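# Overview (structure and organization)
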Amino acid sequence: MDRLTNTVRPYAWGSTTAIPELLGTEPTGEPQAEMWMGAHPGAPSRTDRGAGPVSLADVIAADPERELGPDAVRAFGPRLPFLLKLLAAGSPLSLQVHPDLAQAREGFADEERRGVPLDAPHRNYKDANHKPELICALTPFEGLCGFRHPAETAALLEALGVDGLKPYADILRAAPEDAALREVLTAVLSADHAETAETVEQAAAAARRLAAEGGPYADACAAYAAIAHHYPGDPGVLAAMLLNHVRLQPGEALFLGAGIPHAYLGGLGVELMANSDNVLRCGLTPKHVDVPELLRVVRFEARDAGVLRPEEATASGEEVYETPIDEFRLSRFVLAPGAAPHPLDDRTPQILLCTAGTVTLRPGSVPETGSESGTGAETGTETAVTLAPGESVFVRAGERVELTGKGTVFRATLVA
């Protein structure tokens with residue numbers, strides 16, 4: 001087991017208090033948006049195996065099959081295929097989508113051929129990987145996820161009573177679903193910004209009114225008004241009105257697949273994603289918005305937000321958030337004092353994060369005959385590791401560990 005030292009990223013939208021409160025540290029007054037756990041080159045975790053602190057990325061690169069297991073290396077290459085984060089939103093993040101694997105490979109290759117620098121502000125594809133992600137709420141969490149059904153959005157826009165929104169409502173009622181969503185989003189993002197800004201301000205004022213009056217649109221309108229407060233005049237505010245507004249309670253989650261427009265608005269959560277930086281923005285940001293490429297990637301299909309709740313998968317009490325991909329698998333244990341140790345499947349590499357209470361990881365026993373491990377790797381350190389909230393460990397493939405204690409542990413691993 002490798003106790004991890006992790007980097008906190010100070011993005012402007014981050015909360016100044018949520019991550020310090022979890023870690024039990026004093027706030028610095030600066031935003032603390034994300035704490036990264038993994039081997040992403042942008043901010044790899046560090047560990048110490050006796051020779052001083054080293055990057056987890058370097059540890060894995062030195063012997064990928066020992067750390068990740070041969071099955072994971074064959075499937076995903078010689079790197080950890082997921083990135084685990086604590087995410088603390090104090091204000092809305094950009095409205096965005098992620099490409100699928102084919103789009104990411106094609107887009108990355110195209111920008112490489114054209115010689116677009118990786119750090120160029122107008123670069124869309126930082127790597128050739130897709131970026132599905134899962135966010136699980138630790139506190140009440142608010143976001144936008146997927147297109148609302150067009151007729152419902154038309155009713156909302158009509159209730160706002162803003163002349164500049166009427167053409168969009170008419171399209172949403174008249175055209176087929178996918179064509180209507182494409183036409184309206186294209187019009188919103190391609191319109192003259194000065195004209196759009198006036199409509200945004202009028203829509204924000206109307207949203208504040210509907211939020212104060214109550215009724216079926218109150219929650220969504222309060223969110224849109226708050227977004228407009230942070231991003232006055234931004235056409236992304238109108239794009240946001242096309243999306244489902246969702247409030248997660250602690251333990252609930254959202255899965256964001258390729259092409260699904262989304263934004264996180266506020267709250268603290270555990271986020272798990274494929275190891276990628278590919279983001280195409282729709283608005284609510286001063287960063288580059290590539291409208292043609294965005295429209296190529298977005299999936300114009302209405303859907304419910306799709307709130308996930310954990311399902312108990314094993315007799316050991318592990319609760320799994322089911323998703324349709326193999327690069328990552330998020331689960332949690334809610335541990336009770338005095339309960340029997342919870343053995344963890346050792347076939348794949350894993351990161352364990354404590355979010356409440358105090359938990360201890362101890363080396364597990366190796367069966368006298370045979371092994372269920374896909375790697376045959378030996379058991380690692382014989383030293384138990386105790387975790388407080390916000391602390392984490394990396395456990396290489398083939399290393400057997402058991403969980404005890406009183407608290408909550410999130411487990412990031414692969415689909416075995």
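Residues numbered from 1 in each chain as written. Predicted model: local features only at pLDDT ≥ 70, side-chain atom pairs only at ≥ 80, totals over all residues. Heavy atoms only, no water.

### Describing the overall build of the protein
Scanning the protein from terminus to terminus reveals 12 helices and 21 strands. Rg of the C-alpha trace for the protein: 23 Å, near the compact-globule value of 22 Å for 416 residues, within the 12% margin. Summarising its shape, the C-alpha atoms of the protein cover approximately 75 × 50 × 40 Å along the three principal directions. Residue burial in the protein is summarised as follows: out of 416 residues, 55% are buried. A separation of at least 24 residues holds for 77% of the contacts in the protein among residues at least 6 apart in sequence. Total accessible area computed for the protein in this model is approximately 17200 Å², and 51% of it derives from carbon and sulfur atoms. Across the protein, 35 positive and 57 negative side-chain charges occur, with their mean positions spaced 2 Å apart. (Helix = DSSP H or I, 4+ residues; strand = E, 2+ residues; numbered from the N terminus. Rg over C-alpha atoms; globule rule 2.2 N^0.38 Å. Buried < 20%, exposed > 50% of the residue type's maximum accessible area, 1.4 Å probe, protein only. Contact = heavy atoms within 4.5 Å. Areas by Shrake-Rupley, 256 points an atom, 1.4 Å probe, with all protein chains shown as cover. Lys, Arg positive; Asp, Glu negative; His and termini not counted. Charge placed at Lys NZ, Arg CZ, Asp CG, Glu CD.)

### Describing the layout of surface pockets
Space inside the largest pocket adds up to approximately 870 Å³. Along its surface, the largest pocket is lined by 42 residues, and Tyr-11, Gln-96, Val-279, Arg-281 and Lys-287 are the ones closest to its centre. Elements with a contribution of two residues or more to the lining of the largest pocket: strand E3 (34-37), strand E6 (82-89), strand E12 (262-274) and strand E13 (280-283). The element best represented in the lining of the largest pocket is E12, accounting for five residues. (1 Å grid on protein atoms, 1.4 Å probe; cavity = no way out; pocket = protein on both sides within 12 Å on 5 of 7 lines; lining within 4 Å. Points joined across faces, edges and corners; volume = space filled by probe spheres on them.)

### Re the packing of helix H7 (residues 166-174) against helix H8 (residues 177-190)
Between H7 and H8, the least distance of the axes is 8 Å, while the angle of their chain directions is 160°. Between H7 and H8, the angle falls in the class roughly antiparallel. You can see that H7 and H8 cross each other, and the crossing is right-handed. For the pair H7 and H8, contact is made by Tyr-168, Ile-171 and Leu-172 and by Ala-180, Leu-181, Glu-183, Val-184, Ala-187 and Val-188, respectively. The residue makeup of the contact of H7 with H8, split by class, is eight nonpolar, no polar and one charged. (Axes fitted to C-alpha atoms, helices over the stretch in contact; angles between N-to-C directions. Parallel < 35°, antiparallel > 145°, perpendicular 65-115°, else oblique. Left-handed = near helix turned anticlockwise from the far one by under 90°. Nonpolar A, V, L, I, M, F, W, Y, C, P; charged D, E, K, R; others polar.)

### With respect to the environment of Val-320
Its place among the elements puts Val-320 in strand E15 (residues 319-321). Spatially, the C-alpha atoms of Val-320 and Arg-309 are 8.4 Å apart, while their sequence positions differ by 11 residues.

### As for unusual backbone geometry
Phi is mostly negative for residues that are not glycine, and the peptide bonds are mostly trans. The residue Leu-284 is not glycine, and still its phi comes out positive at about 60°. If you trace the backbone, Leu-284 turns up in the loop between E13 and helix H12 (291-297).

### Observations regarding the packing of helix H9 (residues 193-213) against helix H10 (residues 218-230)
Contact pair H9 / H10: the axes reach a minimum separation of 8 Å and the direction vectors enclose 145°. In terms of crossing hand, the pair formed by H9 and H10 is left-handed. Packed against H9, whose contacting residues are Ala-204, Ala-207, Arg-208, Leu-210 and Ala-211, the element H10 presents Ala-218, Cys-221, Ala-222, Tyr-224, Ala-225 and Ala-228 at the interface. Here the residues of the contact of H9 with H10 sort into 10 nonpolar, no polar and one charged.

### What about the side chain of Arg-148?
Among the structural elements, Arg-148 can be located in the loop between strand E9 (141-147) and helix H6 (150-160). With residues near it in sequence (within four places) discarded, Arg-148 still touches Thr-153, Leu-156, Leu-181, Ala-220, Tyr-224, Met-241, Leu-242, Leu-243, Asn-244, His-245 and Ala-302.

### Thoughts on the pattern of salt bridges
Pairing is possible between side chains of opposite charge, provided their charged atoms come close. If you walk through the whole model with that rule in mind, you get 24 salt bridges. Residue Glu-319 pairs with Arg-332 through a salt bridge whose shortest N-O separation is 2.7 Å. With Glu-319 in strand E15 and Arg-332 in strand E16 (residues 329-335), the pair connects residues that are 13 residues apart, well separated along the chain. Here Glu-399 and Arg-396 are joined by a salt bridge, their closest N and O atoms 4.0 Å apart. Here Glu-399 matches Arg-396 in class, with each residue buried. (Salt bridge = Lys/Arg side-chain N within 4 Å of Asp/Glu carboxyl O.)

### Side note on the nonpolar core
In this structure, Leu-160, Tyr-224 and Ile-227 are the most contacted members of the largest nonpolar core, which totals 53 residues. Top element by residues in this core is H10. It accounts for seven residues. Those residues in contact with Tyr-224, other than ones at most four positions away along the chain, are Leu-144, Arg-148, Leu-156, Ala-207, Val-237, Ala-240, Met-241 and Leu-243. (Core = buried A, V, L, I, M, F, W, Y, C linked by side-chain atoms within 4.5 Å.)

On their own, these measurements won't tell you what the molecule is for.
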